[in-house]
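Fold and contact review
Each chain, written out:
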Amino acid sequence: MMRKSANIVLLLFAVVFCYGLQISKPHYGDLIGPIPARGKLGDTVVGRAFEVHAEKIEFARKLKVDQFGQQKVLTTGGVWAVVTVAFAARAESTAVSVASWRGPTGLTYDQTERLSFMNGLLPVAVDPGLPRKARLIFEVRPDQANNATLLISEKLVAALDSQAEISLGPVTITADGLPGGTVDTLDMAEPL
């Protein structure tokens, strides 16, 4: 009888131990996911193949763009978030292709494709010793502006590669629900 109860206790211990291992182990996506290189607005974040320096962020209700010689005004259901960044290659030429905006609740917005005709947007090819500025433009909900994170990587699937994660910091929300400093129209023809 004593041996039988010892076997039951041992079996229960093994079940609990195996269950603990199962729920505490990292998922496959976490094992091969991007390797974060973290910083904040104004810092230079160093990844494996490139460096990025997020200089400033601007919010606007509308964007004024020049498309094939004609001026257009683009609107959005939220706000336009325009981040000015400077890229530099580290050891070899590379292209930075992907940028995303992750809001405080985890909602993620990819860079807008509505402005693909403009110069200075991703993908950006950079060479060592020749830094290059670019604009990252997102259409985001106003409530996703505060304490957002900018995610930048070389390719869409950044498995086992570095990904810049830039904390954009607190943004005040005004009485009308828009981020503080939101302008009505932002002219994209202005130089970087």
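Residues numbered from 1 in each chain as written. Predicted model: local features only at pLDDT ≥ 70, side-chain atom pairs only at ≥ 80, totals over all residues. Heavy atoms only, no water.

1. Examining unusual backbone geometry
The omega torsion of the bond from leucine 122 to proline 123 falls at 0°, within 30 degrees of zero and hence cis. Along the chain, the position of proline 123 falls in the loop between strand E7 (108-110) and strand E8 (124-126). Of note, the phi angle at asparagine 147 is positive, near 55°, even though the residue is not glycine. (Helix = DSSP H or I, 4+ residues; strand = E, 2+ residues; numbered from the N terminus.)

2. As for the sheet that holds E7
Spatially, five strands are ordered E1-E11-E10-E6-E7 in an open sheet, and the strand pairing comes out mixed. With one partner strand each, in any of the chains shown, strand E1 (35-40) and E7 form the two edges of the open sheet. When the angles between neighbouring strand axes are averaged without regard to direction, this sheet yields 25°. (Pairing = 2+ DSSP bridges. Axes fitted to C-alpha atoms, helices over the stretch in contact; angles between N-to-C directions.)

3. Examining the pattern of salt bridges
Taken as a whole, this structure holds ten salt bridges when the rule is applied. For arginine 48, the salt bridge goes to aspartate 161, with nearest N and O atoms at 2.8 Å. A residue pair is termed long-range when its members are at least 10 positions apart, and arginine 48 in the loop between strand E2 (44-46) and strand E3 (50-67) and aspartate 161 in the loop between strand E10 (148-153) and strand E11 (162-169) qualify at 113 residues. Put simply, aspartate 161 and lysine 155 hold a salt bridge, and the shortest N to O gap is 3.2 Å. (Salt bridge = Lys/Arg side-chain N within 4 Å of Asp/Glu carboxyl O.)

4. Some words on the nonpolar core
Ranked by size, the top nonpolar core spans 32 residues in total, and within it Phe87, Trp101 and Ile152 carry the most contacts. At the level of secondary structure, the elements contributing two or more residues to this core comprise E3, strand E4 (70-89), strand E6 (98-102), E8, strand E9 (132-140), E10 and E11. No other element matches E4, which puts six residues into this core. Among all residues touching phenylalanine 87, those that are not within four sequence positions of it are Phe50, Glu51, Val52, Val96, Leu122, Val124, Val126, Pro131, Arg132, Ala134 and Ile152. Core analysis: the next-biggest nonpolar cluster, separate from the first, contains twelve residues, Ala60, Leu63, Trp80 and Ile137 among them. (Core = buried A, V, L, I, M, F, W, Y, C linked by side-chain atoms within 4.5 Å. Buried < 20%, exposed > 50% of the residue type's maximum accessible area, 1.4 Å probe, protein only. Contact = heavy atoms within 4.5 Å.)

5. Notes on the packing of aromatic side chains
Across all of its chains, the model carries four aromatic pairs by this definition. Note on tryptophan 101 and phenylalanine 138: the rings are 5.7 Å apart at their centroids and 50° apart in plane angle, and the pair reads as tilted. Note that tryptophan 101 is positioned in strand E6 and phenylalanine 138 in strand E9, a separation of 37 residues in sequence. On the basis of relative accessible area, tryptophan 101 is assigned to the buried category, the value being 0%. By relative accessible area, phenylalanine 138 is classed as buried at 0%. Through pairs of rings, three or more aromatic residues link up here, namely Phe59, Trp101 and Phe138. (Phe/Tyr/Trp six-rings, centres within 6.5 Å; stacked < 30°, edge-to-face > 60°.)

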